[in-house]
Amino acid sequence: MPSKNRWNQVRPTQYRVIDEFEQSNMAVGEALSRLSGKYRTDEANSTMHMTRERLLQIISRMDSLVGLDGVKEMVRQIFAHVYIQEQRRLARLKTDPLVLHMVFSGNPGTGKTTVARLIAEMFRDCGLLEKGHLVEVERADLVGEYIGHTAQKTRESIQRALGGVLFIDEAYSLARGGNKDFGREAIDCLVKGIEDYRNQFVAIIAGYENEMKYFLSTNPGLPSRFPIHLHFPDYTLSSLIAIARQTAQEHQYKLAPDAEFILRRKIQQALLDASREFSNARFVRNLIEKAIRHQASRLFQRSRVSREELMTLRAEDFREEDVF
Ligand SMILES: Nc1ncnc2c1ncn2[C@@H]1O[C@H](COP(=O)(O)OP(=O)(O)OP(=O)(O)O)[C@@H](O)[C@H]1O
Ligand SMILES: [Mg+2]
């Protein structure tokens, strides 16, 4: 018989479970399943073990995004909250349960998917998520055609997202069809998945602002499970120009002054054209990508091309027929 005191074999994570149970922060069932190792949320998923400097480094990845000051500030707050909760836990102070599911609202092309992908990676780098991948789904991926099909499809999407982020685009459309619609079943299944796989994935629901408000009101379980709201405003003209420069630069191109002039005019026209839905940064990216193809056709007609010419987008590369 080993003479060692059994408590000497208890790992630090298990001490924490006992502490939380004693402080009435954890139900007896959860405490037992965590201690027996049957509970799938391990400590690496629910807490962050890192220095403040490393965390600041991770957060600085957001700086490369143009504009989005409000979003950046909110993301900083989220990470500060998580970090300070962890410090409080280490100091044996009361902690709040981490609920990191989010609502993103904003028009098309305002950076919602881009930021979701970045947050997933940042959570991975902090140890909050295991894989940090993004599974982007919409109504058709979650809602089935017969009884039982919806639950199966939603569960499969959640399974695919474990360790990462489940991003539900146009989430509003799940609530659109009324009580008999299978969309409601998908929402119930999502709420259940959030409980069953606590801390194993982050759900982000996205759509237009008013629609998201309505969506949250359709199921009493939703508001408390999605406490973080990030609004993505439309980009200003100067931010759109900066995004154009950045997109060109990413592909190792630059805009000649006359090209920038034309581009500015095109963006202004598109902003004023109320008959079309303006797709913000996506509109600008598409313009640059088309200009790159036009530049290639222009240069292909010549026998010799300098390095400088290979890098430069000119006004004629932004042809009129590309306004959309
Ligand atoms: N702040 C930004 N800085 C640089 N590029 C950006 C920024 N925001 C968006 N983009 C670029 O614009 C494109 C559209 O962005 P994204 O797909 O994230 O928008 P979205 O809000 O998810 O749009 P939708 O609602 O239509 O799905 C992407 O190619 C992305 O790289
Ligand atoms: Mg998107």
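Residues numbered from 1 in each chain as written. Chains lettered and ligands numbered in written order. Predicted model: local features only at pLDDT ≥ 70, side-chain atom pairs only at ≥ 80, totals over all residues. Heavy atoms only, no water.

An unreviewed UniProt entry annotates the protein as Stage V sporulation protein K originating from Alicyclobacillus tolerans. Regarding the protein, the relevant UniProt record gives this comment under Sequence similarities (unreviewed entry): "Belongs to the CbxX/CfxQ family." (UniProt positions renumbered as here; feature names shortened; annotations may be inferred.)

K.L.:
Help me out: how do you make sense of unusual backbone geometry in this one?
P.N.:
The phi angle of most residues is negative, glycine excepted, and most peptide bonds adopt the trans form. With a phi close to 60 degrees, R92 is a non-glycine residue in the positive phi region. Along the chain, the position of R92 falls in the loop between α5 (69-90) and β1 (102-106). Judged by relative accessible area, which is 58%, R92 ranks as exposed. Even without being glycine, Q252 reaches a positive phi, approximately 60 degrees. Given the relative accessible area of 63%, Q252 is considered exposed. (Helix = DSSP H or I, 4+ residues; strand = E, 2+ residues; numbered from the N terminus. Buried < 20%, exposed > 50% of the residue type's maximum accessible area, 1.4 Å probe, protein only.)

K.L.:
Whenever I open this one, the pairing of β1 confuses me. Can you help?
P.N.:
When a strand is regular, its side chains alternate between the sheet's two faces. Across the five residues that make up β1, a large majority, five, are buried. Going residue by residue along β1, you find M102, F104 and G106 tucked away on one face and V103 and S105 tucked away on the opposite face as well. Relative to strand β5 (residues 228-232), β1 runs parallel, the two being bridged by five bridges. The residue of β5 that forms the bridge with G106 is F232. (Pairing = 2+ DSSP bridges.)

K.L.:
Looking at this model, I keep getting lost on the side chain of E260. Mind explaining?
P.N.:
When you line up the elements, E260 lands in helix α13 (residues 257-272). Here E260 is in contact with I241, R245 and L255, once residues within four sequence places are set aside. (Contact = heavy atoms within 4.5 Å.)

K.L.:
Would you explain the environment of S238 in this entry?
P.N.:
Relative to the helices and strands, S238 is located in helix α12 (residues 237-250). For S238, a relative accessible area of 54% gives the class exposed. The spatial distance from the C-alpha of S238 to the C-alpha of R264 is 8.8 Å, given a sequence separation of 26 residues.

K.L.:
Which parts of the structure should I look at to understand the environment of F201?
P.N.:
Summarising the element assignment, F201 is placed in the loop between α9 (182-196) and β4 (202-207). Relative accessible area serves as the criterion here: at 2%, F201 is assigned to the buried category. Separated by 39 residues in sequence, F201 and L162 have C-alpha atoms that sit 5.0 Å apart. Those residues in contact with F201, other than ones at most four positions away along the chain, are H101, L129, I158, A161, L162, G163, G164, L166, G193 and I194.

K.L.:
Explain the sheet that holds strand β2 (residues 134-137) to me, please; I cannot follow it from the model alone.
P.N.:
Two strands in a sheet stick together by hydrogen bonds in their backbones, pointing the same way (parallel) or opposite ways (antiparallel). The sheet built from five strands is open, its strands ordered β2-β3-β4-β1-β5 with parallel pairing. Looking at which strands have only one partner, the edges of the open sheet turn out to be β2 and β5. Strand-to-strand twist across the sheet, computed as the mean angle between neighbouring axes with direction ignored, equals 20 degrees. Its contacts with the sheet place helix α6 (residues 112-126) against β1, β2, β3 (165-168), β4 and β5, and it is angled at close to 155 degrees to β1. (Axes fitted to C-alpha atoms, helices over the stretch in contact; angles between N-to-C directions.)

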